[in-house]
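Here is what each chain is made of, one letter per residue.
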Amino acid sequence: MKTLPQRPFPLAPADITPGAKETNLSVQKARDYTTAARISLRQPWTSRGSPLTAPRRGPQPLIALALLALLAGIPSCAPGGEEEPSTISSNGQPSPAPPPPPPAASPVTLSLAQFATGLHGPVGASNAGRGDPRLFVIEQAGIVRIVESNGTVSPTPFLDISTRVRSTGNEQGLLGLAFHPSYAANARFYVNYTGDSGHTHISQFSVTGNPDAADPNSEDILLTVNQPSDNHNAGDMHFGPDGLLYVPLGDGGGSGDPGNNAQNVGTLLGKVVRIDVDSGGGTGPDCQGQGSGHYTIPSSNPFVDGAGGTCDEIWATGLRNPWRSSFDRLTGDFFIADVGQNQWEEINFQPAGSQGGQNYGWRCYEGTHPFNTAGCGPMNSFTFPILEYQHGGGDCSVTGGYVYRGTAFPLLFGRYVLTDFCTGNFWDILPDGAGGWQITQHTNLRTFGYVSFGEDSAGELYVIHRGNGTLSRLQSN
């Protein structure tokens, strides 16, 4: 989780107001998500002192190509940097005119409507699957509470494991919750928490005959991950469209990843883990720590090599402190927000159907910027973020969100929404239909403490404010 600055929490219900101050920026998305050759060309775009950039091609190759064209007599590039389309095809027939650029999306204004109050240190929210209108809110101390569809918070916890959870560190506690895709039939769900020793536990629980009460004695600790420090525990977890459990983990803490864990495939720290909790095939556990190992590793995991060597559970590498991730429920695309070291916050993207194996760069790169490249591979071995923004104007720590797939706010449909914990600046990201992204910043909801998002079973989104214990519904015009 993120370090929480010691300052008051200023948000009150009256502070949640409509209206947005927006800026649109279309950015070039890397078409090959396994390379880092699409390094950023920075644009002088700022808002309240906070530059936002994303990877795009720089102009240098175009200059070189123009010089070669002059010397070799080949057609040169158009002034805008794109090659002039030929009007004659290879068979001698006129070529069709290129399609017009897609129209710009309609502007969106974000607002928040208070939905539930009275929560204590909430840090996340999940749903139990389509058709179940309840939200399950994670409280950092080790409690899961039910929020009904009308915003009522149940006074009786759904799950209370507070005696097993260590939450004394600012980034420790009960941090993640995911319901099995077949939860309605098997009543199983999974949590991510730091135990008494401070180490990460990935555990399975089941529900009693009462659908509003889990059985705390049903715990099966599937795997544990030793944490060398009390920060960078990350904590999120989700089932992907393939039915497998994805668990992004932090690098173990300490400034600059002193153990180089994120680049070391012999540890789960700084990785996305992918396991099969139904043991539907594949190989046995490889790096389960002190856990029961009641899971299997899909044979399609990119680092599978049998016992020893690399950790077969690894799906992707190069993460620092991935604070909130999500799958687009419509497309299956995977978004990972990664908290930066000193300067850059980032959103990483993995398209649906990926074969895994991406290296998101940390500690070699912070965002697209070299951080500590000693012993690192070439740039084309890294996958750079689709969005990064610089610390400035108070921004300090990204809070990842979701792609909106609800029905209440059509203009919001298809936009991935994120925020910054320290400023409350919001951004939305929308594919522009031409291989890039349209990015909009919203500064009308600024406040300190937006710690997480939640998605209900209908695809509506919620924003969690840790300081005042509220859950607010995300809305748009």
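Structure: above.
Thresholds applied
Position labels on residues start from 1 in each chain and follow its written sequence. Only residues with pLDDT of 70 or above have their local features reported here, since the model is predicted, and side-chain atom pairs are shown and tallied only from 80 upward, although totals for entire chains, interfaces and linings are computed over all residues. Remark: hydrogens and water are excluded; side-chain values derive from all non-hydrogen atoms of the structure. Secondary structure elements are defined from DSSP: runs of H or I of at least 4 residues count as helices, runs of E of at least 2 residues count as strands, and each element is numbered from the N terminus. The buried label goes to any residue with under 20% of its type's maximum accessible area, the exposed label to any with over 50%, and the partly exposed label to all in between, with areas taken from a 1.4 Å probe on protein chains only. Contacts were defined at the residue level, with two residues in contact if any of their heavy atoms lie within 4.5 Å. Each accessible area is a Shrake-Rupley estimate made with a 1.4 Å probe; only the visible protein chains count as cover when residues are assessed. The disulfide definition used here is simple: a pair of cysteine sulfur atoms within 2.5 Å. Only buried residues count toward a nonpolar core. Its members are Ala, Val, Leu, Ile, Met, Phe, Trp, Tyr and Cys residues joined through side-chain atoms within 4.5 Å. Any two strands are treated as partners once DSSP identifies two or more bridges connecting them.

### Quick word on the overall build of the chain
Link 1 in the chain: When helices and strands are tallied, the chain shows two helices and 28 strands.
Link 2 in the chain: For the chain, buried positions account for 55% of its 477 residues.
Link 3 in the chain: In the chain, the share of contacts with a sequence separation of at least 24, taken over all contacts with a separation of at least 6, comes to 59%.
Link 4 in the chain: Total accessible area on the chain stands at roughly 18600 Å², and carbon and sulfur atoms take up 53% of it.

### What about the state of the cysteines?
Link 1 in the chain: By the definition in use, this model includes three disulfides.
Link 2 in the chain: The disulfide that involves Cys-364 links it to Cys-376, with 1.9 Å between the sulfurs. The sign of the S-S torsion, about -90°, decides the handedness of the disulfide formed by Cys-364 and Cys-376: left-handed. One end of the pair, Cys-364, is in the loop between strand 18 (344–350) and strand 19 (365–366); the other, Cys-376, is in the loop between strand 20 (369–370) and strand 21 (387–390), and 12 residues separate them in sequence.
Link 3 in the chain: Take Cys-364: its relative accessible area is 2%, and that puts it in the buried class.
Link 4 in the chain: Assessed through its relative accessible area of 23%, Cys-376 is described here as partly exposed.
Link 5 in the chain: Put simply, Cys-396 and Cys-422 are joined by a disulfide, and their sulfur atoms are 1.9 Å apart.

### What about the nonpolar core?
Link 1 in the chain: Core analysis: the biggest nonpolar cluster contains 50 residues, and Phe-158, Leu-159, Phe-189, Val-191, Ile-347, Leu-418 and Leu-471 have the highest contact counts within it.
Link 2 in the chain: By residue number, the principal contributor to this core is strand 5 (residues 135–139), which donates four residues.
Link 3 in the chain: Discounting residues that sit within four places of it in the chain, Ile-347 has contacts with Phe-335, Ile-336, Ala-337, Pro-385, Ile-386, Leu-387, Val-398, Tyr-416 and Leu-418.
Link 4 in the chain: One finds Ala-178, Ile-202, Phe-239 and Ile-297 within the second-largest nonpolar core, a separate group that totals 21 residues.

### Here's the deal with the sheet that holds strand 5
Link 1 in the chain: Here we have four strands laid out as an open sheet, ordered 4-5-6-7, and antiparallel in their pairing. The two strands at the open ends of the sheet, each matched to only one other strand, are strand 4 (122–127) and strand 7 (159–160).
Link 2 in the chain: Bridging between strand 5 and strand 6 (residues 143–147) involves five bridges; their strand directions are antiparallel. When the sheet's bridge partners are listed, Val-137 is paired in strand 6 with Arg-145.

### Thoughts on unusual backbone geometry
Apart from glycine, the bulk of residues carry a negative phi angle, and the bulk of peptide bonds sit in the trans form.
Link 1 in the chain: Cis geometry is adopted by the peptide bond preceding Arg-363, which originates at Trp-362 and carries an omega value of 10°.
Link 2 in the chain: Locating Arg-363 in the fold gives a position in the loop between strand 18 and strand 19.
Link 3 in the chain: Phi is positive for His-232, which is not a glycine, with a value near 60°.
Link 4 in the chain: Within the secondary structure, His-232 sits in the loop between strand 11 (214–225) and strand 12 (238–239).
Link 5 in the chain: Relative accessible area serves as the criterion here: at 4%, His-232 is assigned to the buried category.
Link 6 in the chain: Of note in this structure, Asp-257 is not a glycine but carries a positive phi near 55°.
Link 7 in the chain: Relative to the elements of secondary structure, Asp-257 occurs in the loop between strand 13 (245–248) and strand 14 (272–275).
Link 8 in the chain: The buried category is assigned to Asp-257, whose relative accessible area is 1%.

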